[in-house]
Amino acid sequence: MRMARIPSSDAHDTIPRLMRMDVVNRHAKISKDGDYRLVPILDDAVDTIISMGFEVTDGEAHSRDRTPPQVRIRNALSDLPEDVLSELPMKWEYVGDIAIIKLRPSADPYKARIGDVYAEELDMDTICVDRSGVSGEFRHPSMELIHGSKTESVRLENGIRYCFDVTKVMFASGNVDERERMKNLDCTGETVVDMFAGIGYFTLPLAKFSGAKRVIACEKNPESYEFLVRNVTLNEVDGIVEPMLGDNRDIPGRAFADRILMGYVQITSEFLPKALELIRPGGIIHYHDTFYIDEYMERIEAIFTEHCGDRRFRIEGVREVKSFAPSVSHYVADVRILD
């Protein structure tokens, strides 16, 4: 069978593109060959693949098993105790060639074997267990490797590449809709400040697609900042994004920002005075925070009333980003500062 030889570093962009072009033989399985992915292609697609700069080789392709991976995983681990088997995770999160799962403590005696099976059935290099979410000021993840050793990879989402180490940096997959919204904003010619940039969660889609002229991306965590700098280059927005390592309350200047992103929760209001110092009259603040679902509007009104003083503001919209805890959700409010 004819196979397109795609470098693994390009696979996360190129393979979906080939799928959309209908040149992939969907009845055969994609396989690995060192640092390459071997993608089975249709016979009449050879010239197309070569014109894209990729090598075409002959190889043996195995039929794709159409059994869902959840079923294959349970079958492969069917000899485990029933209480362990019944609680195996049937969903996971992908970060390139890394899959992240959650396991109950009862599965720990079998975790090495579980890791091997998940890696095989999901075709992943590394399997990590998310032990206790994130903690601390820097939102540090608690990850344990149960298969493989690779912890750094690239996640492709909405046309943006996010490179990060899953053991060092959190990635809030539940915020995908808000990252998509940042991509679709019209920020033509604007100066934007991202006060909690992380690895570029909101900075990157906004800088790449919204038309913003300048994005100051501030991040206090040195490990997140390292990936922010790398991701700016990876997504070719070096001329737009200005990464800044440090406390956002040290950002210099007054009344120069057209838009401010405040993508933090629980203590966001502590940083609102600085945002109000940076925003120009008529500018907009995207304010993230957590509230009880029956009082979020009142709380947002109260927070801005307290901090704005004599300055007028208008809440132009509030969106629920995701559930945070029982009866509590993460919201983002778009607040225009009128004067």
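Values in this document were obtained by computation on a predicted structure and should not be read as measured data. (Residues numbered from 1 in each chain as written. Predicted model: local features only at pLDDT ≥ 70, side-chain atom pairs only at ≥ 80, totals over all residues. Heavy atoms only, no water.)

Undergrad: Run through the overall build of the protein, naming residues and quoting values.
TA: When its secondary structure is counted, the protein shows ten helices and 17 strands. Considering only C-alpha atoms, the protein reaches an extent of 70 × 55 × 30 Å along its principal axes. Contacts in the protein between residues at least 24 apart in sequence constitute 63% of all its contacts with a sequence separation of at least 6. Of the side-chain charges in the protein, 43 are positive and 58 negative, and the distance between the mean point of each set is 2 Å. (Helix = DSSP H or I, 4+ residues; strand = E, 2+ residues; numbered from the N terminus. Contact = heavy atoms within 4.5 Å. Lys, Arg positive; Asp, Glu negative; His and termini not counted. Charge placed at Lys NZ, Arg CZ, Asp CG, Glu CD.)

Undergrad: Please give an account of the sheet that holds strand β1 (residues 2-7) that cites residues and values.
TA: If you walk across this open sheet you meet the four strands as β2-β3-β1-β4, and the pairing is antiparallel. At either margin of the open sheet sits one strand with a lone partner, and together these are β2 (31-33) and β4 (55-58). On average, adjacent strands in this sheet sit at an angle of 40° to one another, irrespective of strand direction. As defined by bridge partners, β2 adjoins strand β3 (residues 36-40) across three bridges and the pair is classed as antiparallel. Within β3, the position partnered with D33 by the bridge is Y36. (Pairing = 2+ DSSP bridges. Axes fitted to C-alpha atoms, helices over the stretch in contact; angles between N-to-C directions.)

Undergrad: So what's going on with the pattern of salt bridges? Residues and values would help.
TA: All chains considered together, the criterion is met by 30 salt bridges. Two residues, K220 and D247, come together in a salt bridge whose shortest N-O distance is 3.8 Å. Note that K220 is positioned in the loop between β12 (214-219) and α8 (222-234) and D247 in the loop between β13 (241-245) and β14 (257-262), a separation of 27 residues in sequence. A salt bridge links D334 to R319; the shortest N-O distance between them is 2.8 Å. Taken together, the residues span a long stretch of sequence, with D334 in strand β17 (residues 328-337) and R319 in strand β16 (residues 313-325) at a distance of 15 residues. (Salt bridge = Lys/Arg side-chain N within 4 Å of Asp/Glu carboxyl O.)

Undergrad: Lay out the pairing of strand β11 (residues 191-194) with the relevant residues and their values.
TA: Alternating positions in β11 separate into two faces, T191 and V193 on one and V192 and D194 on the other, with burial throughout. Where β11 meets β12, four bridges bridge the pair, whose relative direction is parallel. Residue pairing for β12: D194 is matched across the bridge by A217. You can see the chain leave β11, run along helix α7 (residues 203-209) and come back into β12, and the turn it takes is right-handed. (Buried < 20%, exposed > 50% of the residue type's maximum accessible area, 1.4 Å probe, protein only. Right-handed = clockwise from strand over helix to strand, strands pointing away.)

Undergrad: Residue-level account of the nonpolar core, with values.
TA: Grouped together as the largest cluster of nonpolar side chains are 31 residues, with contacts concentrated most on Y162, F164, V166, I199, L206, V215 and V241. Elements represented by at least two residues in this core include exactly β6 (98-101), β10 (160-165), α7, β12 and α8. It is β10 that contributes the most residues to this core, four residues altogether. Once you skip the residues sitting within four places of it in the chain, V166 turns out to touch V95, I98, I100, C128, P141, M143 and T151. (Core = buried A, V, L, I, M, F, W, Y, C linked by side-chain atoms within 4.5 Å.)

Undergrad: Tell me about the environment of S78, and please be specific about residues and values.
TA: By the element assignment, S78 lies in the loop between α3 (69-76) and α4 (82-85). Taking C-alpha positions, S78 is 39 Å from M21, a pair spaced 57 residues apart along the chain. A polar contact of 3.1 Å, which involves the side chain of S78, links it to the backbone oxygen of N75. (Polar contact = N/O pair within 3.5 Å; in protein donor to acceptor, adjacent residues only side chain to side chain.)

Undergrad: Which residues make up the packing of aromatic side chains, and what are the values?
TA: Each pair of aromatic rings is reported with the distance of its centres and the angle of its planes. Inspection of the entire model under this criterion finds ten aromatic pairs. Plain terms: the ring middles of Y287 and F304 are 5.3 Å apart, the flat faces sit at 75° to each other, and that makes the pair edge-to-face. Of this pair, Y287 sits in strand β15 (residues 279-292) while F304 sits in helix α10 (residues 296-308), placing them 17 residues apart in sequence. Comparing Y287 with F304 shows no difference in burial state: the two are buried. Ring geometry for F304 and F313: centres 5.7 Å apart, planes at 45°, overall tilted. Chaining the aromatic ring pairs together yields one cluster made of Y162, F164, F171 and Y201. (Phe/Tyr/Trp six-rings, centres within 6.5 Å; stacked < 30°, edge-to-face > 60°.)

Undergrad: Describe the side chain of T290, and please don't skip the residues or the numbers.
TA: Here T290 shows up in strand β15. Among all residues touching T290, those that are not within four sequence positions of it are V265, Q266, F324, V328, S329 and H330.

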